[in-house]
Amino acid sequence: MDDKRLLSLDAFRGLTIAAMILVNFPGNDAHVFKPLSHTHWWGISFTDLIAPFFLFIVGVSISFAYSRRLEAGAKPSSMYSKILIRAGKIFALGMFLNTIGLIENFSWEEVRWTGTLHRIAIVFLLCSVLFLHTNWKQQGIIGAIILIAYGVAMTTIATPGYGKVMLEPGINLAAWVDQQFLPGKMWQGNWDPEGILSTFPSLVTTITGMLVGTCLLSKRTQEQKIIMLYAGGFVSFIMGIIWNWQFGLNENLWSSSFVLFTSGLAAMTLASAMYCIDVLGYRKWANFGIIYGMNAIIVYTLGDLLAPIFYGIPWGELPLNQLFFQGATQIGFAPNVASMTFSLMYVGVNFIPAYILYQKNIFIKI
């Protein structure tokens, strides 16, 4: 099975990016529907699913891309340079977005070295190399060891300076590691949601995607694959709920329960997309996601680059988002509805370059 022909995967990828733009760019930060904002700490919302879903998709794509090359007789060492270059490009793109606002008053101390693209780059690099040198059973064992080790470390090792286990913001073991070793500025002052220690369980999110990719590339029938994704996803989902009783669902810590919970949901979501798009043939409604998904990283980057036009530059006295929000609420829109409406419009704005690239058969792989 080829990832170019599995339209459900492209649709899933594109809708995930569209959702990422939707939640990242509300019309008004103070008026956001609860599911469209991250949970403060414990628990999970719709927004908390987006990043793990994308890392899961990265894992599926790794399986598809490198399985074919290995089957064609390519040696793993022949792929190292391309993997490293691609990871470097994604990381550099993340650094560009992090520093573009510091041009006038640049300072290395103000540079953030972490972020969504940074984590994608690191996870892609490590998981790609892992895939080239292990089979699916070994990948599953490695993933399990990482989750157990991380869970044990976070819930049994006392935070230095406190003398006891702490799991609250800025005073947990992951935050302490970042405070000691992470250069530059952290997202939340003294801790970072994409920090060093939490990157390890995020690798497992991508490993679960690799396992799913291996299943999809097997000789099983499409019906069997969909059933396996539903069954495996449900088991992972339930395991995440059970582990949540001991090490709660937490995106900022990327807790072990969070990995299993979100990977299970991602597998079942992909299975649903496969059934609707690839089996039943309902493709028209999926075209939006497919178009977004064919240039996912580029569209995500454009979302940040276009933001100053809509959120920063004054059009008269106010930026466009504030003008729209003010006007919409004055004519009777509820504040949250007005905010979300502008977000949806911004998703549509970013769809335009994605559509142009798609129409011209230009697919930019960073």
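Our subject is the structure that appears above.
My aim in this report is to walk through the structure given alongside it, one point at a time. Treat the numbers as computed from the prediction; the structure is a model and nothing was measured. (Residues numbered from 1 in each chain as written. Predicted model: local features only at pLDDT ≥ 70, side-chain atom pairs only at ≥ 80, totals over all residues. Heavy atoms only, no water.)

### Some words on the overall build of the chain
Moving on, step 1. Check the secondary structure of the chain and you find 13 helices and 0 strands.
Moving on, step 2. Relative to its length of 366 residues, the chain is compact, with a C-alpha radius of gyration of 21 Å against a globular reference of 21 Å.
Moving on, step 3. Projected onto the principal axes, the alpha-carbon positions of the chain cover approximately 60 × 60 × 40 Å.
Moving on, step 4. Considering the chain as a whole, with its 366 residues, one finds that 49% of them fall into the buried category.
Moving on, step 5. A fraction of 72% describes how many contacts in the chain between residues 6 or more apart in sequence connect residues 24 or more apart.
Moving on, step 6. Roughly 17,700 Å² of accessible area belongs to the chain as shown, and the carbon and sulfur atoms make up 65% of that amount.
Moving on, step 7. In the chain, which carries 22 positive and 18 negative side-chain charges, the distance between the mean positions of the two groups comes to 15 Å. (Helix = DSSP H or I, 4+ residues; strand = E, 2+ residues; numbered from the N terminus. Rg over C-alpha atoms; globule rule 2.2 N^0.38 Å. Buried < 20%, exposed > 50% of the residue type's maximum accessible area, 1.4 Å probe, protein only. Contact = heavy atoms within 4.5 Å. Areas by Shrake-Rupley, 256 points an atom, 1.4 Å probe, with all protein chains shown as cover. Lys, Arg positive; Asp, Glu negative; His and termini not counted. Charge placed at Lys NZ, Arg CZ, Asp CG, Glu CD.)

### Observations concerning the environment of G289
Moving on, step 1. As for its position among the elements, G289 is in helix 10 (residues 287-293).
Moving on, step 2. Note: C-alpha distance between G289 and D304 (15 residues apart in sequence) is 19 Å.
Moving on, step 3. Among all residues touching G289, those that are not within four sequence positions of it are D10, A11, G14 and L15.

### Things to note about the packing of helix 3 (residues 80-99) against helix 11 (residues 296-312)
To describe two helices that pack against each other, one gives the angle between their axes and the distance between the axes.
Moving on, step 1. Packing of helix 3 against helix 11 brings their axes to within 11 Å, and their N-to-C directions diverge by 10°. As the angle between them shows, helix 3 and helix 11 are arranged roughly parallel. Together, L93, F96 and L97 of helix 3 and I297, T301, D304 and L305 of helix 11 make up the contact between the two elements.
Moving on, step 2. By residue class, the composition of the contact of helix 3 with helix 11 is 5 nonpolar, 1 polar and 1 charged. (Axes fitted to C-alpha atoms, helices over the stretch in contact; angles between N-to-C directions. Parallel < 35°, antiparallel > 145°, perpendicular 65-115°, else oblique. Nonpolar A, V, L, I, M, F, W, Y, C, P; charged D, E, K, R; others polar.)

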